[in-house]
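Chain by chain, the residues run as shown.
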Amino acid sequence: MKKLSKILEEQFNNYADIEIQDIYKLLYQSNFGCEHAVDQNSRHWLHQEYDKTVPSNGRKIIDIISPKDNIYRLNIAPYKFKGGDKDKLFDWFYSSSKINIGTQYEFRLLWDEFKMINQKEKYFEDKKVLSFEKIIRYHLPIMHHSYNYRQANEPSYRIVNRLTIDTYMQNICF
Amino acid sequence: MEKGFLTQKLFIPVYLNSKGMKLKEYQGKEIFHDNGIKIPDSFLITSPEQIKELKGEVVLKAQVLHGGRGKAGLIQTATQEDAKQKAEEMFKKDVKEILVEEKVDVKEEYYLSITIDRTEKKAMLMFSKEGGIDIEELAEKHPKKIKKYYLDEEFSPKKTAKELEIPQWLIEKLYEIFKKYDLELIEINPLVKVDDNLLALDSKIIVDDNALFRQKFEKDESLTDIEKKAKEAGLSYVELEGNIGIIGNGAGLVMSTLDMVNHYGGKVANFLDVGGGADKEKMEKSLELVMIKKPKGIFINIFGGITRCDDIAQGLIDYKKEHNIEIPVVIRMIGTNEEEAKKILEENQIHFINSMEEGAKKIVELVK
């Protein structure tokens, strides 16, 4: 188990220009997993993204993003750098997308926890958090990373469920 | 076995997958009180100074929505001597309200709730003689200790009350509240016995998100006047501080639009999501709302699916003419009837842009 405060601290230490929608996205993924409508036909376009990503050892392969320790962001650049297999990655992603986790109610609790942490850490102004909260008060939309975050970090990852990769990743990640 | 009575059947209560609005404990208790369910004497404070003379020992209960209040020190017993100090400590933990409640001598604790069983698509009453516990944990470890009844045509409040040894009116009242307030969950945990009276010592209420438009709860209090007007019109609007009005469809797309305008140095005046299937009227209403803040320019970003781009374009033109709008308007639309929309806009000298990025850049230039 990893505390949300620790997860956020790591994110702010390792990534630049994090906006509030990036945190929302992180919490959303942390709670709901990848939640994509992935089918085998997605393999092609996901591979295209994979092929474009430049291998690099600049960051960790795995970012743990869930306090329950069951959801990871698997960063493609270091994965490629260490010789990861793209078909295997797709398979993990595909399998992960079939695992239903998290509820909207749980997401709201997670968001409340984030707000409490934010009060202490002052990652964002309260006003900003409240305005954003109004946007997500009735529905939880799928959001992209903020422009600034994308520019600064070039995020390229797959959301994977721990269950699907633990056995495979022992050698490559840790 | 009596019909409608379940013992160990697996169920998925709807609130576990809820996006509904959870009420704070005191709000739930107000509902209980208004509907004749007894609650302990209590009052709500927003600062420690509001604690005056106490009749006896009290419980200070932080009014926050997350669980684990006890472990976090957000529920504490207090006396006249230390109540203010303890309240002060709680307020330091980002607590805005504390319910100061008389401490009651509890004889017995029960669990009572009504929720919806998603799999059966029925309301379901749950009761346990072991109250004050985590019901999910109890359901997992000792499922037989929870009695469940579907509230269908075969349900008998009289028989159930007799079997559970609780008053029939309580069951009926709880169900009445459940329906009246469009709830996904109403839970009294614990329901306690004090001097032969039943008191609701805590409340957990989740209102169905789809019914919020007709249920009035605190949620509206944080809304500005424009936001309230938008809500009444079925539009999702958030007032911000800049001078560029934004209209789009889909929260994700609108958020990206805000982001892009900010990136090019613009300051957005609002977030407005017209939602799916927006038509000419919705577009006109959106413009009306956005114009209240007198923005220097408007950027409209629409992805046409069910929403027809030509409807949006026509709504814009009609509103612009009728209200003599002279500020710059940039519009980016793709999707259903895009070409027709483009034609309407070009005939009326409106900036039509193909990409969101270009649109954001353009509107920022125009308002400078």
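Definitions and limits used
- Residues numbered from 1 in each chain as written.
- Chains lettered and ligands numbered in written order.
- Predicted model: local features only at pLDDT ≥ 70, side-chain atom pairs only at ≥ 80, totals over all residues.
- Heavy atoms only, no water.
- Helix = DSSP H or I, 4+ residues; strand = E, 2+ residues; numbered from the N terminus.
- Buried < 20%, exposed > 50% of the residue type's maximum accessible area, 1.4 Å probe, protein only.
- Contact = heavy atoms within 4.5 Å.
- Lys, Arg positive; Asp, Glu negative; His and termini not counted.
- Charge placed at Lys NZ, Arg CZ, Asp CG, Glu CD.
- Axes fitted to C-alpha atoms, helices over the stretch in contact; angles between N-to-C directions.
- Parallel < 35°, antiparallel > 145°, perpendicular 65-115°, else oblique.
- Left-handed = near helix turned anticlockwise from the far one by under 90°.
- Nonpolar A, V, L, I, M, F, W, Y, C, P; charged D, E, K, R; others polar.
- pLDDT = per-residue confidence, 0-100.
- Expected span 1.5 Å × (residues − 1).
- Arc of directions from axis to C-beta.
- Core = buried A, V, L, I, M, F, W, Y, C linked by side-chain atoms within 4.5 Å.
- Domains from an automatic or database assignment.
- Pairing = 2+ DSSP bridges.

Asker: What's the story with the overall build of chain A in this structure? I'm lost.
Answerer: From N to C terminus, chain A includes nine helices and three strands. For chain A, the sequential pattern of α-helices and β-strands runs α-α-α-β-β-α-α-α-α-α-β-α. Seen through its C-alpha atoms, chain A measures out along the principal axes to roughly 45 × 30 × 30 Å. Relative to its 174 residues, chain A shows a buried fraction of 55%. Pairs at least 24 residues apart make up 79% of the contacts formed inside chain A by residues separated by at least 6 positions. Looking at charge distribution, chain A has the averaged site of its 26 positive side-chain charges lying 1 Å from that of its 23 negative ones.

Asker: Help me understand the packing of helix 1 (residues 4-14) of chain A against helix 2 (residues 20-32) of chain A, please; the structure alone is not making it clear to me.
Answerer: The relative placement of two packed helices comes down to the angle between their axes together with the axis-to-axis distance. Residues and elements named next belong to chain A. Orientation of helix 1 relative to helix 2, taken along the N-to-C sense of each, is 135°, at an axis distance of 12 Å. Between helix 1 and helix 2, the interaxial angle falls into the category oblique. Where helix 1 crosses over helix 2, the handedness of that crossing is right-handed. Listed contacts from helix 2 to Leu4, Ile7, Leu8, Gln11 and Phe12 of helix 1 are Ile23, Leu26 and Leu27. Among the residues making up the contact of helix 1 with helix 2, the classes are represented as seven nonpolar, one polar and no charged.

Asker: So what exactly am I meant to see when it comes to the confidence of the model for chain B here?
Answerer: The pLDDT averaged across chain B works out to 87; a share of 93% of its residues lies at or above 70. The low-confidence segment residues 1-12 of chain B (pLDDT under 50) makes 30 contacts with residues lying over four places distant or belonging to another chain.

Asker: Can you help me understand helix 5 (residues 168-180) of chain B in this one?
Answerer: In an α-helix there are 3.6 residues to a turn, and that puts residues three or four apart on one side. Residue and element names in this part refer to chain B. For helix 5, built from 13 residues, the straight-helix expectation of 18 Å at 1.5 Å per residue is met to within 8% by its first-to-last C-alpha distance of 18 Å. Looking only at helix 5, the buried set comprises Leu170, Ile171, Leu174, Ile177 and Phe178. Considered in projection along helix 5, the buried side chains sweep an arc of 130° and stay on one side of the axis. Contacts made by the buried residues of helix 5 are with helix 1 (25-34), strand 7 (108-117), strand 8 (122-128), helix 4 (157-164), strand 10 (183-194) and strand 11 (197-200). After helix 5 finishes, the residue aspartate 182 shows a positive phi value of roughly 55°.

Asker: For this particular structure, what's the right way to read the nonpolar core?
Answerer: What tends to happen in soluble globular proteins is that the nonpolar side chains get buried as a cluster. Counting 56 residues, the largest nonpolar core has A:Trp111 and A:Phe114 as the members making the most contacts within it. Looking at this core element by element, the count peaks at seven residues for helix 2 of chain A. Not counting residues within four places of it along the chain, the set of residues in contact with A:Phe114 comprises A:Leu4, A:Leu8, A:Ile20, A:Ile23, A:Leu27, A:Phe124 and A:Val129. Of all hydrophobic cores here, the second largest spans 34 residues; its members include B:Ala123, B:Phe155, B:Ile166 and B:Ile177.

Asker: Even after reading the chapter, I still don't get the domain arrangement of chain B, so can you show me in this structure?
Answerer: By a widespread convention, an interface's size corresponds to the accessible area lost as its parts come together. For chain B, the assigned domains read domain 1 (5-21 + 106-214), domain 2 (41-102) and domain 3 (223-362). The distance between the C-alpha centroids of domain 2 of chain B and domain 3 of chain B comes to 46 Å.

Asker: When you look at the sheet that holds strand 4 (residues 58-62) of chain B in this model, what are you seeing that I'm missing?
Answerer: All names here are of chain B. The four strands lie next to each other as 3-6-4-5, forming an open sheet whose pairing is antiparallel. The open sheet has two free edges, formed respectively by strand 3 (42-45) and strand 5 (75-78), since each of these has just one partner strand. Strand-to-strand, the axes of this sheet are offset by a mean angle of 25°, without reference to chain direction. Two strands pair when backbone bridges link them, and strand 3 and strand 6 (residues 98-102) are joined in this way by four bridges, in the antiparallel orientation. Within the sheet, the bridge partner assigned to isoleucine 45 lies in strand 6 and is isoleucine 98. Where helix 1 meets the sheet, it contacts strand 3, strand 4 and strand 6, and its direction lies at approximately 50° from that of strand 6. Its contacts with the sheet put helix 2 (residues 83-91) on strand 3, strand 4, strand 5 and strand 6, and the angle it makes with strand 5 is roughly 165°.

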